[in-house]
Amino acid sequence: DTAVSQTPKYLVTQMGNDKSIKCEQNLGHDTMYWYKQDSKKFLKIMFSYNNKELIINETVPNRFSPKSPDKAHLNLHINSLELGDSAVYFCASSQVEGGQYFGPGTRLTVT
Amino acid sequence: KQEVTQIPAALSVPEGENLVLNCSFTDSAIYNLQWFRQDPGKGLTSLLLIQSSQREQTSGRLNASLDKSSGRSTLYIAASQPGDSATYLCAVRPGDDKIIFGKGTRLHILP
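My aim in this report is to walk through the structure given alongside it, one point at a time. These figures come from a predicted structure and were not determined experimentally. (Residues numbered from 1 in each chain as written. Chains lettered and ligands numbered in written order. Predicted model: local features only at pLDDT ≥ 70, side-chain atom pairs only at ≥ 80, totals over all residues. Heavy atoms only, no water.)

1. Side note on the overall build of chain B
In step 1: Along chain B, the regular secondary structure elements total zero helices and 11 strands.
In step 2: N-terminal to C-terminal, the α/β element order of chain B is β-β-β-β-β-β-β-β-β-β-β.
In step 3: In terms of C-alpha radius of gyration, chain B reaches 13 Å, essentially the compact-globule figure of 13 Å for 111 residues.
In step 4: With respect to the three principal axes, the spread of C-alpha positions in chain B is 40 × 25 × 20 Å.
In step 5: By residue count, 44% of the 111 residues in chain B fall in the buried class.
In step 6: If you take every contact in chain B between residues at least 6 apart in sequence, the share linking residues at least 24 apart comes to 53%.
In step 7: Of the roughly 5300 Å² that chain B leaves accessible, carbon and sulfur atoms contribute 48%.
In step 8: If the 11 positive side-chain charges of chain B are averaged to one point and the 10 negative ones to another, these points end up 4 Å apart. (Helix = DSSP H or I, 4+ residues; strand = E, 2+ residues; numbered from the N terminus. Rg over C-alpha atoms; globule rule 2.2 N^0.38 Å. Buried < 20%, exposed > 50% of the residue type's maximum accessible area, 1.4 Å probe, protein only. Contact = heavy atoms within 4.5 Å. Areas by Shrake-Rupley, 256 points an atom, 1.4 Å probe, with all protein chains shown as cover. Lys, Arg positive; Asp, Glu negative; His and termini not counted. Charge placed at Lys NZ, Arg CZ, Asp CG, Glu CD.)

Take a look at the structure:
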């Protein structure tokens, strides 16, 4: 059984479009995260979210917004996509003070 | 501001050798430190998690140490195998819901 899953695995879209990436975890963790891995393979946190608080990395454009319908899901919505948004996006989850478990990633290509 | 540095950036060693990967961090106030591996085009796999109160963790041929006071962690891989070839990432978790990654060490085990 997959602990953290993401859909879609690949996403190709044109500039200006709005798209969403879904994430689900079945680990019962309290906190979920979104990361961006750029072309240089550097991982950077975008958001962390639990039932109480959304923490946003100050460098993330407001075109990106996380949406959490429930504790097991944290979806990422991206408006007005730009070429520079092309990257691999990873979802992760953890318990308080625990380790992080990552999803397989979504490769987003903006043309 | 917490910064994580991994040295070396890339490493090639013959099969069978023991090796050490290094990770340093600038702020010793951390919840835990986690080592991951990432295979090309894949997500992150957690290898070892060391809580701030611990000094080391072992899993099979892997041993990770943590010295908070000096801001250092090492990942020791014994009897390396070609299947160990991957990028190894070190990540520290400060006292909030963030996690800071190093840029990774690309390891290549020569058959």
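2. Here's the deal with the sheet that holds strand S3 (residues 19-25) of chain B
Think of a sheet as strands paired side by side through backbone hydrogen bonds, with each pair either parallel or antiparallel.
Residue and element names in this part refer to chain B.
In step 1: Ordered by their spatial adjacency, five strands build an open sheet running S1-S3-S8-S7-S6, and the pairing between neighbours is antiparallel. Strands at the two margins of the open sheet, each flanked by one partner only, are strand S1 (4-7) and strand S6 (56-59). Each strand axis lies, on average, 15 degrees off the axis of its neighbour in the sheet, ignoring direction.
In step 2: The sheet contact formed by S1 and S3 spans four bridges and is antiparallel. Looking at S3, one finds that Val 4 is bridged to Phe 25. (Pairing = 2+ DSSP bridges. Axes fitted to C-alpha atoms, helices over the stretch in contact; angles between N-to-C directions.)

3. Observations concerning the sheet that holds strand S3 (residues 19-25) of chain A
Residue and element names in this part refer to chain A.
In step 1: If you walk across this open sheet you meet the four strands as S1-S3-S8-S7, and the pairing is antiparallel. Two strands close off the open sheet at either side, each with one partner strand: strand S1 (4-7) and strand S7 (64-70). Neighbouring strand axes in the sheet, compared pairwise and without regard to direction, differ in orientation by 20 degrees on average.

4. Some thoughts on the packing of aromatic side chains
Remark: the centre distance and the inter-plane angle together describe each pair of aromatic rings, the angle taken between the planes.
In step 1: Per the counting criterion, the structure on display carries eight aromatic pairs over all chains.
In step 2: Ring centres of Phe102(A) and Phe101(B) lie 5.9 Å apart, and the angle between their planes is 80 degrees; on these two criteria the pair is classed as edge-to-face. Here Phe101(B) lies in strand S10 (residues 100-101) and Phe102(A) lies in strand S10 (residues 101-102), a pairing that spans two chains.
In step 3: Look at Phe102(A) and you get buried, because its relative accessible area is 10%.
In step 4: On the accessibility criterion, Phe101(B) (3% relative accessible area) is buried.
In step 5: Taken together through their ring pairs, the aromatic side chains of Tyr33(A), Tyr35(A), Phe90(A), Phe102(A), Phe36(B) and Phe101(B) make up a single cluster.
In step 6: The ring of Phe42(A) is capped by Lys103(B), whose NZ or CZ atom sits 5.5 Å from the centre of that ring. (Phe/Tyr/Trp six-rings, centres within 6.5 Å; stacked < 30°, edge-to-face > 60°. Lys NZ or Arg CZ within 6 Å of the ring centre and 35° of its normal.)

5. Focus on the state of the cysteines
All names here are of chain B.
In step 1: All chains considered together, the criterion is met by two disulfides over all chains.
In step 2: The partner cysteine of Cys 23 in its disulfide is Cys 90, sulfur to sulfur 2.0 Å. Handedness of the Cys 23-Cys 90 disulfide follows from its S-S torsion of about -60 degrees: it is left-handed. With Cys 23 in strand S3 and Cys 90 in strand S9 (residues 86-93), this pair connects stretches of sequence that are 67 residues apart.
In step 3: Under the relative-accessibility criterion, Cys 90 is labelled buried at 0%. (Disulfide = S-S within 2.5 Å.)

Purely geometric stuff here, so don't read any function into it on its own.
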